[in-house]
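Inside the fold
Each chain, letter by letter, is given below.
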Amino acid sequence: MSILVTGGAGYIGSHTCVELLNAGYEVVVVDNLSNSKLESLSRVKEITGKDITYYKVDILDRDGLETVFVENSIDAVIHLAGLKAVGESVQIPLHYYHNNITGTVILCEVMNKYGVKKLVFSSSATVYGIPKSVPISEDFPLGPINPYGRTKSMIEEILRDLYHSDNKWSISVLRYFNPIGAHQSGRIGEDPNGIPNNLIPYITQVAVGKLKELSVFGNDYPTRDGSGIRDYIHVVDLAKGHLKALQRILTNTGVDSYNLGTGIGYSVLEMIDAFEKASKKKVFYKVVERRPGDIASCYADPQKAKEELDWVAEKGIEEMCRDAWRWQENNPTGYEVKVLVK
């Protein structure tokens, strides 16, 4: 059975490819490499001992996508491709709306043309905006507060409309909380372009000496230590969640949303402490002003995923930090390969 993974060379995509290959699926990847490295797929092959079919194709490229479907017998699609930096989305919203929404529409049109109506979609907990309470369950009202989150929410609406227009579609919408960590081999992990937008790669780059210090945005929130609380999930647990969602869409029709999180919230200062213990490294930080739109506390109620997907996050915070550090220590410059000049 052949699964198309859009954005498969990225952080979550590469870990999902490992789980798919280990479970016996054939994997086809499309990725434009705008925020990923082809080296990640070489390492996926190294980890699994299995091959991947790769196309350098942008999801906005209809002809390129059609070529993928013509040349491969695709059974289902896991759609991870998309722009994902919240701050950047505020600066260039039209680029985000065009890329994420138009790209998904083109993908679904091509899928429909070739009779592939099984889709796992990568959404985000940002669709909830500022929740009225925690933990957050899937029936909470959606109210994203930035263009990135709104692209995810709009795509969710499009996918619901698609199913209502044709009930042969089977769609799982996965609302991620905060993926961190890396594969236990230390061979694949998070390698963001430029300055990291997310907490853990920033921490690891400070620990490895690549960055000077971490900025903690606010220490006056109504939380146990004043810093913001989030639900961090190991990327391997997240990848396994995609397998469970895939198994569901292969045997059911309909459209359903699932939170993928641990249901446990950790503060920024607690994460720094946990990482220092796991890495035996000092993480220098300074407290700065809160960021606009940041909320005090955000963590999942993952019960629906447990009941309907038979999925539960298994890895704890120590393992998340240990694996993140193993990846960074072994790959201080990420996937960049140093060429020695004689």
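Not measured: the values here are computed from a predicted model.

**Concerning the packing of aromatic side chains**
The tally for this structure, following the rule as stated, stands at three aromatic pairs. Seen in terms of ring centroids, F69 and Y114 are 5.9 Å apart; in terms of plane orientation they differ by 25 degrees. Their pairing is stacked. Here Y114 lies in the loop between α5 (93–113) and β5 (118–124) and F69 lies in helix α3 (residues 62–71), a separation of 45 residues in the sequence. The class for F69 is buried, based on a relative accessible area of 6%. Exposure remark for Y114: the relative accessible area of 30% places this residue in the partly exposed category. Residue placement shows K132 over the ring face of F140; its charged tip is 3.8 Å from the ring centre. Over the aromatic face of Y258 sits the side chain of K304, whose NZ or CZ is 5.0 Å from the ring centroid.

**Things to note about the pairing of strand β8 (residues 214–217)**
Burial of β8 is one-sided: the residues L214 and V216 facing one way are buried, the residues S215 and F217 facing the other way are not. Pairing of β8 with strand β13 (residues 285–288), which is carried by four bridges, proceeds in the parallel orientation. Within β13, the residue paired with L214 across the bridge is Y285.

Criteria and thresholds
Residues numbered from 1 in each chain as written. Predicted model: local features only at pLDDT ≥ 70, side-chain atom pairs only at ≥ 80, totals over all residues. Heavy atoms only, no water. Phe/Tyr/Trp six-rings, centres within 6.5 Å; stacked < 30°, edge-to-face > 60°. Helix = DSSP H or I, 4+ residues; strand = E, 2+ residues; numbered from the N terminus. Buried < 20%, exposed > 50% of the residue type's maximum accessible area, 1.4 Å probe, protein only. Lys NZ or Arg CZ within 6 Å of the ring centre and 35° of its normal. Pairing = 2+ DSSP bridges.

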